[in-house]
Amino acid sequence: MDEGNQPGADFPLLVIGTEDIALRNGVSSPTRVELEEKKRDVDITYGIDDIPPWYLCIFMALQHYLTMIGAIVSIPFILTPALCMKDDDPARSHIICTMIFVTGLVTWIQCTFGCRLPIVQGGTISFLVPTLAILNLPQWRCPDPEVLDAMDHVNRTELWQVRMRELSGAIAVSAIFQAAIGYFGIVGVLLRYVTPLTIVPTVSLVGLSLFENAAEAASQHWGIAVGTILMLTVFSQCLSEVKVPVPAYNRNKGCFIAWFHLFKLFPVLLTIMLMWGVCGLLTLSGNLPVGHPARTDVKIRIIEDSPWFRFPYPGQWGVPTVTAAGVLGMLAGVLACTVESISYYPTTARMCGAPPPPVHAINRGIATEGLGTILAGLWGSGNGTNTFGENVGAIGVTKIGSRRVIQYAAALMLIQGLISKFGAVFIIIPQPVVGGMFCVMFGMIAAFGLSALQYVDLNSARNLYIIGFSIFFSLVLPKWMIQNPHVIHTGSDIADSIITVLLSTSILVGGVLGCLCDNLIPGTPEERGLIAWQEQMKLVPDKEDDTPNTYDFPVGMGIVKRCKFFSYLPFMPTYKPRKWQMCGCKKE
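It should be emphasised that the depicted structure is a prediction, and the values quoted were computed from it without experimental measurement.

### A word on the state of the cysteines
Move 1: Under the counting rule described, the total for this entry stands at one disulfide.
Move 2: C84 shares a disulfide with C142; S-S distance 2.0 Å. Disulfide C84 to C142: torsion about the S-S bond roughly -100°, handedness left-handed. Of this pair, C84 sits in the loop between α3 (54–82) and α4 (91–113) while C142 sits in the loop between α5 (128–135) and α6 (145–150); the two residues are 58 residues apart in sequence, bridging distant segments of the chain.
Move 3: We classify C84 as buried; its relative accessible area is 2%.

### A look at the side chain of R403
Move 1: Topologically, R403 is positioned in helix α18 (residues 403–417).
Move 2: According to the relative accessible area criterion, R403 is buried, its value standing at 6%.
Move 3: Side-chain polar atoms of R403 contact the backbone oxygen of R116, separated by 2.9 Å.
Move 4: In this view, R403 contacts I48, D49, C111, R116, P118 and T550; residues no more than four positions away in its chain are not counted.

### What to know about the pattern of salt bridges
Move 1: Using the criterion set out here, one finds four salt bridges in the structure.
Move 2: When the shortest N-O distance is used, the salt bridge between R462 and D518 registers 2.8 Å. In this pair, R462 is assigned in helix α21 (residues 461–483) and D518 in helix α23 (residues 506–520), connecting sequence segments 56 residues apart. For the pair shown, R462 and D518 are each scored as buried.
Move 3: In this structure, R528 and D518 form a salt bridge, with 3.2 Å as the shortest nitrogen-oxygen distance. Of this pair, R528 sits in helix α24 (residues 525–528) while D518 sits in helix α23; the two residues are ten residues apart in sequence, bridging distant segments of the chain. D518 shares its class with R528; the two are buried.
Move 4: Among the charged side chains, a network of salt bridges with common partners joins R462, D518 and R528.

### Digging into a nonpolar patch on the surface
Move 1: On the surface, a nonpolar cluster with roughly 510 Å² of combined accessible area is contributed by Y465, F469, F472, F473 and V476.
Move 2: Positionally, Y465 belongs in helix α21.

### Looking at the environment of T80
Move 1: The topology assignment puts T80 in helix α3.
Move 2: Separated by 84 residues in sequence, T80 and M164 have C-alpha atoms that sit 9.4 Å apart.
Move 3: Not counting chain neighbours up to four residues away, the residues in contact with T80 comprise M85, R92 and I95.

### A word on the confidence of the model for the protein
Close inspection of predicted coordinates is inappropriate in any region flagged by low pLDDT.
Move 1: With 84% of its residues at a pLDDT of 70 or more, the protein shows a mean pLDDT of 78.
Move 2: Considering each helix and strand of the protein separately, the mean pLDDT is smallest for helix α1 (residues 18–24), with a value of 38, and largest for helix α16 (residues 359–379), with 91.
Move 3: Here residues 1–38 scores under 50 on pLDDT; set against residues more than four positions off or in separate chains, the count is 73 contacts.

### Observations concerning the environment of I176
Move 1: Mapped onto the secondary structure, I176 falls in helix α7 (residues 153–183).
Move 2: Taking the C-alpha atoms as reference, I176 lies 7.1 Å from I374; in sequence the two are 198 residues apart.

### Overview of unusual backbone geometry
Move 1: Of note in this structure, C84 is not a glycine but carries a positive phi near 70°.
Move 2: Unusually for a residue other than glycine, R116 sits at a positive phi of about 65°.
Move 3: Of note, R116 is situated in the loop between α4 and β1 (121–122).
Move 4: When its relative accessible area of 7% is taken as the criterion, R116 is described as buried.

### Structural notes on the packing of helix α11 (residues 222–238) against helix α13 (residues 267–285)
Two packed helices can be described by the angle between their axes and the distance between those axes.
Move 1: Orientation of α11 relative to α13, taken along the N-to-C sense of each, is 145°, at an axis distance of 9 Å. As α11 runs across α13, the sense of the crossing is right-handed. Contact with α11, carried on its side by I224, G227, T228, M231, L232, F235 and S236, involves P267, V268, L270, T271, L274, M275, C279 and L282 of α13 and no other residues of that element.

About the cut-offs
- Residues numbered from 1 in each chain as written.
- Predicted model: local features only at pLDDT ≥ 70, side-chain atom pairs only at ≥ 80, totals over all residues.
- Heavy atoms only, no water.
- Disulfide = S-S within 2.5 Å.
- Helix = DSSP H or I, 4+ residues; strand = E, 2+ residues; numbered from the N terminus.
- Buried < 20%, exposed > 50% of the residue type's maximum accessible area, 1.4 Å probe, protein only.
- Polar contact = N/O pair within 3.5 Å; in protein donor to acceptor, adjacent residues only side chain to side chain.
- Contact = heavy atoms within 4.5 Å.
- Salt bridge = Lys/Arg side-chain N within 4 Å of Asp/Glu carboxyl O.
- Patch = residues over 30% accessible without salt bridge, like charges linked within 9 Å, V, L, I, M, F, W, Y side chains within 5 Å.
- Areas by Shrake-Rupley, 256 points an atom, 1.4 Å probe, with all protein chains shown as cover.
- pLDDT = per-residue confidence, 0-100.
- Axes fitted to C-alpha atoms, helices over the stretch in contact; angles between N-to-C directions.
- Left-handed = near helix turned anticlockwise from the far one by under 90°.

Following this line, the structure appears as structure tokens:
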């Protein structure tokens, strides 16, 4: 086989053929042929069960790490101001490092013992919407600026930590519901009612409801923010197919020049670095006044004050507190993440050349994600966990679907999560650059939710009514509730808080309206998009014997197969699903 014609030949370091992979893994000749044909069909260099050399795994893992880091560091820029934390508080970097550490831990568990797909589990914007709704309650709103400025360091620290403890308890307890969905095999039942017209308002409102945060950050300097948007657009959309020459090495060719899709793989990283450099030049030239948010030296003290190494541990901000309002409000984020992750599983499997994920793998994946969110809450990251769509897209771009690569990436995240100064570097990114990134990233999240419209009939007046009403009213009601937090009077302060949080969470309002309207208003299955959606979300492989190893546990399968009791547990590989757990899908 000519290496120059292999799927990964455009990428340096990714020029090992499928025959080499099969020989390295000890695959017999007939199986090797089948493996090669399967990979040719899906155009992939490394399949899900392939084990690339360790030195290649490191570079491939770095790509996935750099893909997810942009989404991770964007969350604290919205979360910490709502917690009443100072912009130059070194604890900001501690929160980032905690998020990266938990991301690595949960990702490794998911890839190894969860659904066993090569997906990254980390912090998500979906939890920010209910988080901001909770922090907008009267008892959690930040004091006036003059009051904050008068506080000493101890009182200011306790001010944000008590809010973090409230969020930690709400996140951990609400995620028990997600874990139960997976461990008890309720995924198929949910998918009977979670239709495309439920997904559209639920997921798209995650991005749409955060427009004020993007505007606030971008308005610090619109010139830099617009420059960031333009640069990211050019890199990711216009130059995505442009290849850049880079030195590479292959054991057969030796040293040579390879053409690398630099702009396709790292548009976010390149944009941040270049616009950060522009801000640095404006700072050195004096075009930005002292203290301006776009200056690169505004928060430089964070790096100096941060320790080199810091081990994040559960309860690092104190013992989490639990309130009914916080838990019920955070359930909106849990449900949005559950729906979003389920939709990624079959897509990832196809990209990796793997069989469709069976019911037990889906159940185990959702349960592991719930467990990861519980850990994220107990660790005090201020957020939950969800499947990163960016990394799913990276698999399609790089043609690398190996599970081992994601396990290496998880190890890299664990190491970086222990280095506090590394997290501090991302905190000092100029605010207008972050605002420009928000404008693009939040828009992409909204677009991902709207993409579910491909399954439904958009010529149907019924569907247009449900889409328009569920999205628009879900922006109107929460906005009014936030401006009038004392409007609910039931006679119980706890009930008032619960109702206020629920009605202030746009993704919950939108998801409930979309679900109720789509399931109550008459419509044909074709009109509602159920036929195409169920085919996309099939939870069983076409052939039951098509997955002997891919979704099995890495250890202990002998015991699992010998014990009949395990066949009754929905998350075990020997489980035989019932009809009510198959979301109405029929085998071909």
